[in-house]
Amino acid sequence: IKTTMLTKFESKSARVKGLAFHPVRPWICASLHNGVIQLWDYRVGTVIDRFEEHDGPVRGVDFHLHEPLIVTGGDDYKIKVWDYKLRRCLFTLLGHLDYIRTVQFHPN
């Protein structure tokens, strides 16, 4: 099988730990080792927003299927739910005793 790279994204940041594709829009959300979450438009190859409230690497990221929400989880033992239209964190889930390695919205 021969594969072809469609688009290459470059950012001056730490390593990518997680990726999520938006279910409808041409967006990719990247969670980074430096604690930043970047929202990319893959049609034009630009960062359209950044979210910065985690302390340390962010390993997991997911888009909600119907609402303008992103969920992230990181090495700070926190899960955060973001509203990308309001451009802010709505709430943080605390109480985990180890790194959050993956997150996912329930499909319903």
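Keep in mind the model is a prediction, meaning the values are calculated, not measured. (Residues numbered from 1 in each chain as written. Predicted model: local features only at pLDDT ≥ 70, side-chain atom pairs only at ≥ 80, totals over all residues. Heavy atoms only, no water.)

### Some points on the pattern of salt bridges
Here's step 1: One pass over the structure, following the stated rule, counts seven salt bridges.
Here's step 2: A salt bridge links aspartate 41 to arginine 43; its shortest N-O distance comes to 3.5 Å.
Here's step 3: What makes aspartate 41 buried here is its relative accessible area of 10%.
Here's step 4: For arginine 43, a relative accessible area of 63% translates into the label exposed.
Here's step 5: Notably, a salt bridge pairs lysine 78 with aspartate 55, separated by 3.8 Å at the nearest N-O pair. (Salt bridge = Lys/Arg side-chain N within 4 Å of Asp/Glu carboxyl O. Buried < 20%, exposed > 50% of the residue type's maximum accessible area, 1.4 Å probe, protein only.)

### Details of the environment of histidine 96
Here's step 1: Here histidine 96 shows up in the segment after β8 (88–93).
Here's step 2: The partly exposed category is assigned to histidine 96, whose relative accessible area is 32%.
Here's step 3: When near neighbours in sequence (up to four residues on either side) are disregarded, histidine 96 contacts Tyr77 and Ile79. (Helix = DSSP H or I, 4+ residues; strand = E, 2+ residues; numbered from the N terminus. Contact = heavy atoms within 4.5 Å.)

### Details of the environment of lysine 80
Here's step 1: Within the secondary structure layout, lysine 80 lies in strand β7 (residues 79–83).
Here's step 2: The class for lysine 80 is buried, based on a relative accessible area of 4%.
Here's step 3: Residues lysine 80 and valine 103 lie 23 residues apart in sequence; the distance between their C-alpha atoms is 9.8 Å.
Here's step 4: Of note is the side chain of lysine 80, whose polar atom sits 3.5 Å from the side chain of glutamate 53. (Polar contact = N/O pair within 3.5 Å; in protein donor to acceptor, adjacent residues only side chain to side chain.)

### Re unusual backbone geometry
Here's step 1: Despite not being glycine, tyrosine 77 shows a phi value in the positive range, around 70°.
Here's step 2: With respect to the helices and strands, the residue tyrosine 77 is situated in the loop between β6 (69–74) and β7.
Here's step 3: Taking relative accessible area as the criterion, tyrosine 77 reaches 36% and is therefore assigned partly exposed.

### Re the nonpolar core
Here's step 1: Counting 13 residues, the largest nonpolar core has Cys29, Leu39, Phe51, Phe63, Ile70 and Tyr84 as the members making the most contacts within it.
Here's step 2: Residue assignment for this core shows that the elements contributing at least two residues are β2 (27–32), β3 (37–41) and β5 (58–63).
Here's step 3: In terms of residues, this core owes the most to one element, β5, which gives three residues.
Here's step 4: Sequence-distant contacts of isoleucine 70, that is, excluding residues within four places in its chain, are made with Cys29, Phe51, Val61, Asp62, Phe63, Lys80, Val81, Trp82, Tyr84 and Phe105.
Here's step 5: Counting residues in each nonpolar core, the second largest holds seven residues, with Val71, Ile79, Val81 and Phe105 among its members. (Core = buried A, V, L, I, M, F, W, Y, C linked by side-chain atoms within 4.5 Å.)

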